[in-house]
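# Structural features, examined
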Amino acid sequence: MQSLKAHLRTLHSLAPANKDNVSAARVAFSVAVPSLVLLGVGRPELMIYAVFGALTGMYGRTEPHQLRLRHQGQAAVLLVGGLSIGVFLSVNHLHSWTLVATETVAAAAASLFADKAGLKPGGPFFGILALGACASVPTTVHWHTAVLIGALSAAFSMVVGFGGWLRGRAWDPGAARDIPALRGALGRAAGIHAARYVTAVGAAGAVGVLSGSGHPHWAMAAAAVPLAGADMPSSVYRGLHRIVGTLMGLVVVAGVLFPWGYSPLRAFPGHETAVMALLVIVLQFTTELFMTRHYGLAMVSFTPVILLMTQLASPADPELLVTERAAETILGAGLGILVVVLTRRRR
């Protein structure tokens, strides 16, 4: 009974604050500037590339500016790389099993890269999320324009993250992040961890395709979430947070997209696109505000961010969008938890 109570407390407790508002403001600003530029030139459907590039700002949040710059440069490789692969699949109309196979291989490679670089947040989640999301929407510009938007957005977020350096301007030529080399036991552990991603992400994608879902990449991204935990309990918690947080976030999505009288889209007729774009910016701020304190609360905001910018890129039936997101998240996170439990991962 005591153990059960301890687990329940962990599910709803908030971690201590650590300048989260500063990090959230940096990320929101990094998202806002390129998004508003695209909105201003009448291309809000391209925001999806800008937002994924701007998520570079989520990395290295508490590090000194010099180390954060290096950390975010590595994160940009993960995010823009995933985005570029997704754009390639979209341009060539490669979906279904090709998407599943590509994203599964990318998850393993990104897992090894994230472990080698010591990325925080850890794991390949944001990279494969960018890959699947960009592959699932039509590319309405030349492929290099889409990739360039993502790359420039990532570069801008790095400039924002490094901006505070101008106050002190201290540069240590020998400064480095303390990351153990992936040799010996650590190398073998990283390889096994990558294999877990192959199993969970591949299985989730296969079930998604076989079930007839139009968005198997959502299940694949959700399957990657539990595997980023430090041990089995934290992995299970992350999976549960992912499910509950996403379902609560879908209530927010329904409140925005469903045709009812209190939708904010109806409050500003003729400006629905601008309202959705502004909501993406605001909700990205609240996502980062809770990302390290309570993953479930962060998902309440991040779920609408993903679905609203997907809706901007490729409008779909809101009811189908919400239903499939709920089903794919439960499926993917459940499979991710199952893989963690069966392999009994300990670190």
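It should be emphasised that the depicted structure is a prediction, and the values quoted were computed from it without experimental measurement.

A few words on empty space enclosed by the protein. Considering all chains together, one arrives at one cavity of 30 Å³ or more under this definition. Within this model, the largest cavity holds a volume of roughly 30 Å³. Around the largest cavity, the lining residues are Glu45, Leu46, Ile48, Tyr49, Val137, Pro138, Thr140 and Ala313. Residues that form the lining of the largest cavity fall into these classes: six nonpolar, one polar and one charged.

So, on to the pattern of salt bridges. Throughout the structure, instances matching the rule amount to four salt bridges. In this structure, Asp20 engages Arg61 in a salt bridge whose closest nitrogen and oxygen atoms are separated by 2.7 Å. Here Asp20 is found in helix H2 (residues 20–40), whereas its partner Arg61 is found in the loop between helix H3 (47–54) and helix H4 (65–91), with 41 residues between them in sequence. Like Arg61, Asp20 is buried. A salt bridge links Arg43 to Glu45, with the nearest nitrogen and oxygen atoms 2.4 Å apart. Given a relative accessible area of 28%, Arg43 falls into the partly exposed group. When salt bridges that share partners are traced, they join Asp20, Arg61 and Glu288 into one network.

So, on to the environment of Gly123. Structurally, Gly123 is set in the loop between helix H5 (96–117) and helix H6 (125–135). Look at Gly123 and you get buried, because its relative accessible area is 9%. Gly123 sits 184 residues away from Leu307 along the chain, and the two C-alpha atoms are 22 Å apart.

We now examine the environment of Leu69. Take Leu69: it is sitting in helix H4. As a C-alpha pair, Leu69 and Ala313 span 244 residues in sequence and 30 Å in three-dimensional space. The residues contacting Leu69, other than those within four sequence positions of it, are Met158, Phe162 and Trp171.

Two aromatic rings, taken as a pair, are described by how far apart their centres are and by the angle between their planes. Scanning all chains against the criterion turns up six aromatic pairs. Ring centres 4.9 Å apart and planes at 75 degrees place the aromatic pair Phe125 and Phe126 in the edge-to-face group. You can call Phe125 buried: its relative accessible area is 7%. Taking 5.1 Å as the distance between ring centres and 15 degrees as the angle between the ring planes, the aromatic pair formed by Phe162 and Trp165 counts as stacked. Through a chain of ring-to-ring contacts, three or more aromatic side chains come together here, namely Tyr59, Phe125, Phe126 and Phe302. If you follow Arg238 out to its NZ or CZ, it ends over the ring of Tyr295, 4.4 Å from the centre. Cation over ring: Arg325 sits above Trp218, and NZ or CZ is 5.2 Å from the ring centre.

Interhelical geometry of H3 versus H6 gives an angle of 175 degrees and a closest axis separation of 11 Å. Relative to H6, the element H3 lies roughly antiparallel. Contact residues: Ile48, Tyr49 and Phe52 in H3; Leu129, Ala130, Ala133 and Cys134 in H6. Residue composition of the contact of H3 with H6, by class: seven nonpolar, no polar and no charged.

Another aspect to go through is the packing of helix H10 (residues 216–224) against helix H15 (residues 318–343). In the contact formed by H10 and H15, the axes pass within 7 Å of each other and the chain directions differ by 35 degrees. Here H10 and H15 pass one another in a crossing that is right-handed. Contacts between H10 and H15 involve Pro216, Trp218, Ala219, Ala222 and Ala223 from the former and Leu321, Glu324, Arg325, Glu328, Thr329, Leu331, Gly332, Ala333 and Gly336 from the latter. Each residue belonging to the contact of H10 with H15 can be placed in one class, and the counts come to eight nonpolar, three polar and three charged.

A word on the confidence of the model for the protein. Put simply, the protein has an average pLDDT of 92, and 94% of its residues get 70 or more. Mean pLDDT across the elements of the protein bottoms out in helix H1 (residues 2–12) (54) and peaks in H3 (98).

As a further point, take H3. The buried count for H3 comes to eight of eight residues, which makes it a mostly enclosed element. Of all the residues in H3, the buried ones are Met47, Ile48, Tyr49, Ala50, Val51, Phe52, Gly53 and Ala54.

Volume-wise, the second largest pocket comes out at about 220 Å³. Forming the boundary of the second largest pocket are 15 residues, of which Lys19, Val22, Arg26, Arg61 and Arg68 lie nearest the centre. Class assignment for the residues of the lining of the second largest pocket results in three nonpolar, six polar and six charged.

The rules behind each value
- Residues numbered from 1 in each chain as written.
- Predicted model: local features only at pLDDT ≥ 70, side-chain atom pairs only at ≥ 80, totals over all residues.
- Heavy atoms only, no water.
- 1 Å grid on protein atoms, 1.4 Å probe; cavity = no way out; pocket = protein on both sides within 12 Å on 5 of 7 lines; lining within 4 Å.
- Points joined across faces, edges and corners; volume = space filled by probe spheres on them.
- Nonpolar A, V, L, I, M, F, W, Y, C, P; charged D, E, K, R; others polar.
- Salt bridge = Lys/Arg side-chain N within 4 Å of Asp/Glu carboxyl O.
- Helix = DSSP H or I, 4+ residues; strand = E, 2+ residues; numbered from the N terminus.
- Buried < 20%, exposed > 50% of the residue type's maximum accessible area, 1.4 Å probe, protein only.
- Contact = heavy atoms within 4.5 Å.
- Phe/Tyr/Trp six-rings, centres within 6.5 Å; stacked < 30°, edge-to-face > 60°.
- Lys NZ or Arg CZ within 6 Å of the ring centre and 35° of its normal.
- Axes fitted to C-alpha atoms, helices over the stretch in contact; angles between N-to-C directions.
- Parallel < 35°, antiparallel > 145°, perpendicular 65-115°, else oblique.
- Left-handed = near helix turned anticlockwise from the far one by under 90°.
- pLDDT = per-residue confidence, 0-100.

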